[in-house]
Amino acid sequence: MKSYQNQAELLKEYLLADPIIPSAVIGGIIASKLVYDLAHMASAIHFKSYYSLSRLQRIEWDNRVISTVHAIFITTMSLYLVFISDLFADNQHAGIVILRKSTLSTFALGVSLGYFLADLGMIFWVYPSLGGKEYVVHHLLSAASLAYAMLTGEGQFYTFIVLMSETTTPGINLRWYLDTAGMKRSRLYLVNGVMMFFAWLIARVLLFIYLFYHLYSHADQLKQIHIYGLVLVCIVPVVLFIMNLIWFVKIIKGLKKTIAKRH
């Protein structure tokens, strides 16, 4: 019991240490709800076939708008923080990479965590319509990693590299919309499949290989983080990478099937 009390006090200390953390998480949840409501209203006005969909299809339609907006936001933030800003640049005077953070990076992680919590709630609400066990596992691992990196500042660099995989989300959602609209035989559906293949290869396969290489080349820095952080930085990306490879095989099979139908 004492151990749980100590952990609760530690969590409270982390949350109160930076007021931007609860604000960002709550903001992410509220933004998700607002986007969901706006998507519902806009779709009802601009898409005549919207109300011909089933209730679950309309929920998924609106929910995919949220994931698309989040993907654009967090991909932009990740690309800026990792490749454009000097926050994680190889500069010996800036401290070790694995412990670097900033107000902006912490805010971005908080908003993203809010989204994942909101989306997890949506998944449980209509389970398994929005995704089965693999989606629950994916979201729980993502939320745990985001929360730890946000609260402790450890491993934010690697967290943002993993978050770049959200680049593929808009393409996945577009494919679902085209399928739902009965456009599986359209040229756009084929182009989408090809683009998804390359986006997935780069963002969810090659980028993860770069992450593992960076971890290996900076292995000495791993000694500076706690055991929980070590597990999240080293184990979670491996699990997600395996899931990405499984989904990548499905994408290849689907693309082959789509091409075969056009000949």
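Placed above this text is the structure.
In this text the structure is predicted, and so the values were computed from the model without any measurement. (Residues numbered from 1 in each chain as written. Predicted model: local features only at pLDDT ≥ 70, side-chain atom pairs only at ≥ 80, totals over all residues. Heavy atoms only, no water.)

(A) Looking closely at the environment of T76. Mapped onto the secondary structure, T76 falls in helix α3 (residues 55-84). According to the relative accessible area criterion, T76 is partly exposed, its value standing at 48%. In sequence terms T76 and Y177 are 101 residues apart; their C-alpha atoms lie 23 Å from each other. Within the local environment of T76, its side chain forms a polar contact with the backbone oxygen of I72, the two atoms lying 2.7 Å apart. (Helix = DSSP H or I, 4+ residues; strand = E, 2+ residues; numbered from the N terminus. Buried < 20%, exposed > 50% of the residue type's maximum accessible area, 1.4 Å probe, protein only. Polar contact = N/O pair within 3.5 Å; in protein donor to acceptor, adjacent residues only side chain to side chain.)

(B) Focus on the side chain of S32. Within the secondary structure, S32 sits in helix α2 (residues 20-46). Judged by relative accessible area, which is 8%, S32 ranks as buried. Once you skip the residues sitting within four places of it in the chain, S32 turns out to touch I66, Y115 and A118. (Contact = heavy atoms within 4.5 Å.)

(C) Local environment of the pattern of salt bridges. Scanning the entire structure with this criterion turns up 2 salt bridges. Between K33 and D37 there is a salt bridge; the shortest N-O distance is 2.7 Å. Within this pair, K33 and its partner D37 are both found in helix α2, separated by 4 residues, close to a single helical turn. On the accessibility criterion, K33 (47% relative accessible area) is partly exposed. Residue class for D37 comes out partly exposed when judged on its relative accessible area of 29%. The residue R64 makes a salt bridge to E60 at a minimum N-O spacing of 2.8 Å. Here R64 and its partner E60 are both found in helix α3, 4 residues apart, which amounts to about one turn of the helix. (Salt bridge = Lys/Arg side-chain N within 4 Å of Asp/Glu carboxyl O.)

That's the geometry; what it means functionally is another story.
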